[in-house]
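# Commentary on secondary and tertiary structure
Now for the letters of each chain:
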Amino acid sequence: QAFDDAYKLAALMHTTAFPDMKVTTEDIIAEGDKVAIRWTVTGTHQAELMGIPASGRQITWTGMTIYRFADGKIVENWWAYDAMGMIQQLTAPLPVPEDLVVDQITSPSLEGNPLGDPATRNMVIYLPPGYETSGKPYPVVYLLPGLGATERWWACGEFSPAFSLMGIAVQSLPEAGFANMIDGLIADGKMQPMIIVMPDMSTAYGGSFCVNSALNGNHEDYIVNDIIPYIDANYRTLPNRNNRGIAGHRMGGYAA
């Protein structure tokens, strides 16, 4: 009975996390009173699983079940699946689309923070069409993510590990991709060509709200004194307040 209860609980946990779960039978092998089934599962991660929050990722994993029959009934079963492979798919960093730039900065403002969060941070950067050939400078918008998110949130929907503590719904992303969406707005004349910088504001507790903190480090200084001068020095910007904007969503909206 204890095994049956555990089996049902595991099945419920996975069907809740992957409501569109599809199981495909790959092989069935019978010998004596036992039948072995090798199977493949695909599904979209839409609810918390083993402490990992819903990611919206489509993943695939494999497994095997062995049944023992007696008098035409299943009297025992053993099953195993590639749990490590499933977890790796759910937690591996999402790839940033090739039409966006990934850069890195080491922030003096974050160095030595008591929380132990890294001072070296990635940022994702959108460059407008023609940036490589035009030779002209562009205005910059600093686009800040929501609580529990990383610099990859706008690009591919990635959240930090601390997101599992937040219980925030995963945001949907534009189907065409972030860069294609902005390219389209520029092409339609709905916004001017600009550079968009998406920094990492995450902390071990989910997010910094872009405030200076004795525990998390000085995240306002990180944006103002570290990131902005770095972008102005390494990209063709119009380095003045009249050509610099800031925007964000949720935590990023507060920070902006």
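Just above, that's the structure.
Keep in mind that this is a model prediction, so the values were computed, not measured. (Residues numbered from 1 in each chain as written. Predicted model: local features only at pLDDT ≥ 70, side-chain atom pairs only at ≥ 80, totals over all residues. Heavy atoms only, no water.)

## Considerations on the overall build of the protein
Short version of the rule: Going along the chain from the N terminus, every DSSP run of H or I of four or more residues is numbered as a helix, and every run of E of two or more is numbered as a strand. Here, two residues are considered to be in contact whenever any of their heavy atoms come within 4.5 Å of each other. Residue-level accessible areas treat just the shown protein chains as cover; the underlying method is Shrake-Rupley with a 1.4 Å probe.
Along its length, the protein carries seven helices and eleven strands. Partitioning the intrachain contacts of the protein with sequence separation of at least 6 by distance along the chain shows that 62% fall at a separation of at least 24. Summed over its atoms, the accessible surface of the protein is roughly 13,700 Å², and 55% of this surface lies on carbon and sulfur atoms.

## A few points about the sheet that holds strand β7 (residues 140-144)
What counts here: In this scheme, strands are said to pair when DSSP sees at least two bridges between them. A fitted line through C-alpha atoms serves as each axis, taken over the contacting stretch for helices, and the angle formed by two N-to-C directions is quoted from 0 to 180°.
On the basis of which strands lie adjacent, the open sheet formed by five strands has the order β5-β6-β8-β7-β11 and mixed pairing. Each edge of the open sheet carries a strand with a single partner, namely β5 (101-106) and β11 (244-248). Each strand axis lies, on average, 25° off the axis of its neighbour in the sheet, ignoring direction. Strand direction decides the pairing type here: β7 and strand β8 (residues 195-199), joined by three bridges, are parallel. Looking at the pairing, Tyr 142 lines up with Val 197 of β8. Each of β6 (120-126), β7 and β8 is contacted by helix α5 (residues 178-187), which is oriented at about 40° to β6, the strand it contacts most.

## A few points about the pattern of salt bridges
Test applied: Counted as salt bridges are all cases of a side-chain nitrogen of Lys or Arg within 4 Å of a carboxyl oxygen of Asp or Glu. Whether a residue is buried, partly exposed or exposed follows from its accessible area with a 1.4 Å probe, protein chains only, as a fraction of its type maximum: under 20%, in between, or over 50%, in that order.
For the structure shown, the criterion picks out seven salt bridges. Salt-bridge contacts for Asp 33 lead to Arg 68; the nearest nitrogen and oxygen are separated by 3.9 Å. With a gap of 35 residues between them, Asp 33 in the loop between β1 (22-31) and β2 (34-44) and Arg 68 in strand β3 (residues 58-70) connect regions that are remote in the sequence. Note on Asp 33: relative accessible area 33%, which makes it partly exposed. Arg 152 is the salt-bridge partner of Glu 151, the closest N and O atoms lying 3.5 Å from each other.

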